[in-house]
Amino acid sequence: MNFKHKYFFLFPGLFVLIGILIFPIIFVVRLSLSGWNSYNPGLDYIGLENYIRLFTDDPRFWESFFRLSFLSVTTVILQYVIGFALAHMVWKDIKFKRFFRVLFLVPMMTTPVIMTVIWRTFFHESLGPVNDLLSVFGVAPKWLTDPVIAKFTVIIVEVWQWTPFMFLLLLAGLLSLPKEPFLAAAIDGASPVRKFIYVTFPLMAPISIGAIIIRLIEASKIMDTVYVLTSGGPGTSTETSSFYIFIKGLREFQMGYAASMSFTYLIIMIISLTIIAKVLTKVLLKE
Amino acid sequence: MNKLYIFLKYFFIVVWTVFVVAPFLWALTTSFKDFQSVNGGVTYIPWVDFEPNLEGWKVLIKSPAKGGVDIIEPYFNSLFVTCTASLISIILGTLSAYALSRYTFKAGFVKNNDITFFFISQRIMPPIVLSIPFFLFLSSINLLDSLTGLIVVYIVLLMPIAVWIMVDFFNKVPREIDETALIDGCNPYQAFIKVVLPNSIPGLIVAGMFCIIFGWIDFFFAFILTFTEVQLLPVKIVALNSSVTPWWSLSASALVSVAPLIIVAFIVERYLSKGNLSGAIK
C-alpha cells in the first residue's frame with residue numbers, strides 16, 4: 001500500500017491528543033516541584049520538598065490510597081462475578097432475552113452522580129425506603145453516617161452502576177466464542193457445571209482479563225459517587241485518593257502539593273495495573 | 001439438578017432485576033410527591049399512600065425567577081458538548097485507527113502497538129491528575145467556564161475509546177476491500193471514504209454510542225472547569241441536592257436526564273445481539 005498517505009490518517013488524532021495532553025503532564029511535574037498555594041501562587045522551585053512531605057508526613061494520603069484499593073478491588077471482583085453470571089444467563093435462549101439484556105445495560109447509561117443523588121434519598125436513614133423496609137426486622141443501619149457501613153453503601157452503588165459494563169464486555173465475549181468446543185462437550189455428555197469449568201471459563205479467560213483491567217482502571221477513579229454520597233465522610237472513612245487530592249488542590253489551593261500527590265498517584269497506578277495485568281495473565285491463562 | 005439450576009437462574013435474574021429497577025421506581029414515585037408525603041414518613045404507592053401531584057415536574061420548566069430549577073439550558077449544554085466532542089473524537093479517532101490498522105509505522109522502538117497503546121492508555125490517567133493543570137491552562141487562555149474548554153477536555157476523554165473500538169473493528173474488516181478499491185483507481189482517501197467507511201457503520205455506531213455514554217455521564221470535569229456561565233446537567237442536578245433537598249424535583253430532573261440514554265441502551269443491545277461489538281463483519 002501507499003506509504004505517503006498513512007501519516008495523513010494517523011497524525012490529526014495523534015497530534016490533537018498530544019497537543020492537549022503534553023502541557024498538563026509537563027505542568028503537573030513542574031508544579032509538583034513548586035510551593036504554589038493560595039498565599040503564594042507562582043512557580044517557584046522548592047525541590048523535592050512536596051515529595052518528602054508526602055512520603056514522610058502524610059498518613060492521610062496513604063490511608064486514602066489503601067481505601068481506594070480496597071474499594072476498587074472489592075467492587076471489581078463483585079462486578080466480575082455478578083456480570084459473568086448475568087451474561088451467562090442471558091447468553092443462551094431464555095424468555096424475554098432481549099428485554100433482560102437491555103435492562104441489565106441500563107444502569108451504566110445513567111450518570112453516576114445523578115443516580116447517586118437518588119441513592120442518597122434511597123438510603124436516607126429516616127425517610128428512605130431501605131430502612132423503612134428493614135424496620136420490619138427491627139434494624140436500621142446507618143448507611144451514610146457509620147464509618148464501616150458507609151463503605152458498603154459506596155460498594156453497593158458502584159456495583160449497581162458498573163456491573164452492566166462488565167456484563168456488556170463479557171456478553172460480547174461469550175457471543176463471539178466458537179461453537180465447536182461446546183458441541184464437543186455436548187457429545188461427551190458434560191454436565192452444565194463441568195461445561196462451564198472446562199470449556200466456557202477457559203475460553204473466556206483472555207476476555208476476562210481485558211474486562212477486569214478495564215474496570216479496574218475505571219474503578220480506580222472513584223470520586224463522583226463518593227463526593228455526592230458521603231463527601232468522603234463520616235470523617236475520612238470513605239475518602240479516596242482522587243477525593244483527597246481534590247480537597248488539597250482545588251479546595252485548599254495547595255496546588256504544588258496536590259500536583260506531587262497526583263504524579264505519585266499516577267505512577268503507582270501505572271505500576272500496580274501493570275503488575276495486576278501480568279499476574280492475571282499468568283493465573284488465568286495457565287490452564 | 002437441572003431443575004435446581006433453572007430455578008436458581010431465574011431467581012437470580014429476578015433479584016437482580018429488582019435491584020436494577022428499585023432506584024428508578026423510587027425516583028418515579030418520589031417525583032410525584034410533595035413536602036408532606038416525603039417528610040411525613042416513607043410512602044410508596046400513589047393514591048393509596050399519598051396523593052400524587054405534578055409539582056416536581058412543573059418546576060423543571062418554570063423560570064428560575066418563579067422558583068423553578070431551569071434545567072433546560074444545562075440540558076442543551078450537555079447535549080451540545082457531548083455530541084460535539086463525540087463527533088470530533090470519532091472523526092479523529094477513526095482516521096488514526098484506520099492508519100494503525102492498515103499501515104505499519106516505525107519510529108525507533110515505537111511501533112503500531114505502542115501507538116495504539118498510547119491512545120488507549122490515556123484512559124488510565126486519573127481525571128484528578130489532569131484537572132489541576134487543565135484548570136490553570138484553561139484559565140490562562142480564557143476558556144475556563146466555557147463550552148469550548150469543556151469540548152477540548154472531553155476529546156481527551158473520548159478519543160481513546162474511539163481508537164480502541166475502531167482499531168479492533170478495522171482489523172476485522174477484510175483488507176481486500178481497500179485493495180480492490182485501490183486497483184479500481186481510487187486514491188487512498190477515496191478508498192477510505194467510499195469503500196471502507198460504508199462497511200464500518202456498525203463499528204462507528206458502537207464507538208459513537210460509547211463516546212456519548214462516557215461524555216454524557218462525566219461530572220468531574222464539568223464540575224471543576226465550569227462555574228456560573230455554563231452549567232452542564234449533572235452539575236446542575238447535584239447542586240439541587242445540596243440545598244433544602246426538594247426530593248420531588250430532584251427525582252423528576254434525574255429521570256429526565258437519564259431518559260435519552262435509555263435509547264442508547266437499546267442501540268447497544270441491538271449491535272451486541274448481531275455480534276458486532278466484537279467487531280465481526282460478515
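Just so it is clear, the model here is predicted, and its values are computed rather than measured.

K.L.:
Could you give me a rundown of the overall build of chain B, with the residues and numbers involved?
P.N.:
Along chain B, the regular secondary structure elements total 13 helices and two strands. Here chain B has a C-alpha radius of gyration of 24 Å; the compact-globule value for 282 residues is 19 Å, and the former is much larger. Along the longest, intermediate and shortest principal axes, the C-alpha atoms of chain B span 75 × 65 × 35 Å. Looking at chain B as a whole, 46% of its 282 residues qualify as buried.

K.L.:
Give me the overall build of chain A: which residues, what numbers.
P.N.:
Helix and strand content of chain A: twelve helices and zero strands. Considered along the principal axes of its C-alpha atoms, chain A spans approximately 75 × 75 × 35 Å. Residue burial in chain A is summarised as follows: out of 287 residues, 39% are buried. Put simply, 70% of the contacts in chain A that link residues at least 6 apart link residues at least 24 apart.

K.L.:
Outline the nonpolar core, supporting the account with residue identities and numerical values.
P.N.:
Leu-158 and Ala-162 of chain B are the most contacted members of the largest nonpolar core, which totals 147 residues. With residues up to four places along the chain from it excluded, the contact list for Leu-158 of chain B reads Ala-85, Ser-86, Ser-89, Cys-211, Phe-214 and Gly-215 of chain B.

K.L.:
I'd like a description of the interface of chain A and chain B, backed by residues and values.
P.N.:
Contacts between the two partners involve 71 residues from chain A, matched on the other side by 74 residues from chain B. With 14 residues, the single largest contributor to the side of chain A that touches chain B is helix H1 (residues 6-31) of chain A.

K.L.:
Explain the packing of helix H3 (residues 59-89) of chain A against helix H9 (residues 192-219) of chain A residue by residue, including any values.
P.N.:
For any two helices packed against each other, one specifies the crossing angle of their axes together with the interaxial distance. Residue and element names in this part refer to chain A. At a minimum axis separation of 10 Å, H3 and H9 run at an interaxial angle of 140°. By the angle between their axes, H3 is oblique relative to H9. Pair H3 / H9 crosses with right-handed handedness. Note on element contacts: H9 touches H3 through Ile-212, Arg-215, Leu-216 and Ala-219, opposite Ser-72, Thr-75, Val-76, Gln-79 and Tyr-80.

K.L.:
Before we move on, can you summarise unusual backbone geometry with the specific residues and values?
P.N.:
Of note, Phe-253 of chain A is a non-glycine position whose phi angle comes to about 55°, a positive value. Along the chain, Phe-253 of chain A turns up in the loop between helix H11 (241-251) and helix H12 (255-285). With phi around 65°, Asp-145 of chain B is a residue other than glycine that occupies positive phi space. Residue position: Asp-145 of chain B is located in the loop between helix H6 (127-140) and helix H7 (147-172).

K.L.:
I'd like to hear about helix H1 (residues 2-30) of chain B, residue by residue, with values.
P.N.:
Residues and elements named next belong to chain B. With 29 residues, H1 extends 42 Å from end C-alpha to end C-alpha; this agrees with the ideal 42 Å at 1.5 Å per step. At Val-21, H1 shows its maximal bend, which comes to roughly 35°, and the proline Pro-23 appears one to four places after that position. Where H1 is concerned, the buried positions are Ile-13, Trp-16, Pro-23, Trp-26, Ala-27, Thr-29 and Thr-30.

K.L.:
Can you lay out the environment of Ile-149 of chain A for me, pointing to particular residues and giving the numbers?
P.N.:
Residues and elements named next belong to chain A. Tracing the backbone through its elements, the reader meets Ile-149 in helix H7 (residues 147-175). Under the C-beta neighbour-count criterion, Ile-149 is labelled partly exposed, with 16 such atoms within 10 Å. Separated by 74 residues in sequence, Ile-149 and Met-223 have C-alpha atoms that sit 18 Å apart. Residues within four places of Ile-149 in sequence aside, it is in contact with Pro-141, Lys-142 and Trp-143.

K.L.:
Outline H7 of chain A, listing residues and values.
P.N.:
With 29 residues, H7 of chain A extends 42 Å from end C-alpha to end C-alpha; this agrees with the ideal 42 Å at 1.5 Å per step. Considering bend angle alone, the principal kink of H7 of chain A is centred on Trp-162 of chain A and spans about 40°; proline Pro-164 of chain A follows within four residues of it.

K.L.:
How would you explain the packing of helix H5 (residues 112-122) of chain A against H1 of chain B if you had to name every residue and give the values?
P.N.:
Running from N to C, H5 of chain A and H1 of chain B cross one another at 80°; their axes reach a closest spacing of 10 Å. On the basis of the axis angle, H5 of chain A is roughly perpendicular to H1 of chain B. For the pair H5 of chain A and H1 of chain B, contact is made by Met-115, Ile-118, Trp-119, Thr-121 and Phe-122 of chain A and by Pro-23, Trp-26, Ala-27 and Thr-30 of chain B, respectively. Partitioning the contact of H5 of chain A with H1 of chain B into residue classes produces seven nonpolar, two polar and no charged.

K.L.:
Now, about the environment of Arg-30 of chain A: what can you tell me, with residues and values included?
P.N.:
Position of Arg-30 of chain A among the secondary structure elements: in helix H1. Taking the C-alpha atoms as reference points, Arg-30 of chain A and Ser-260 of chain A, separated by 230 residues in sequence, lie 9.1 Å from one another.

Cut-off values and rules
- Residues numbered from 1 in each chain as written.
- Chains lettered and ligands numbered in written order.
- Predicted model: local features only at pLDDT ≥ 70, side-chain atom pairs only at ≥ 80, totals over all residues.
- Helix = DSSP H or I, 4+ residues; strand = E, 2+ residues; numbered from the N terminus.
- Rg over C-alpha atoms; globule rule 2.2 N^0.38 Å.
- Buried ≥ 20, exposed ≤ 12 C-beta atoms within 10 Å, placed from the backbone.
- Contact = placed C-beta atoms within 7 Å.
- Core = buried A, V, L, I, M, F, W, Y, C linked by C-beta atoms within 7 Å.
- Axes fitted to C-alpha atoms, helices over the stretch in contact; angles between N-to-C directions.
- Parallel < 35°, antiparallel > 145°, perpendicular 65-115°, else oblique.
- Left-handed = near helix turned anticlockwise from the far one by under 90°.
- Expected span 1.5 Å × (residues − 1).
- Bend = angle between axes of the 7 residues up to and from the residue.
- Nonpolar A, V, L, I, M, F, W, Y, C, P; charged D, E, K, R; others polar.

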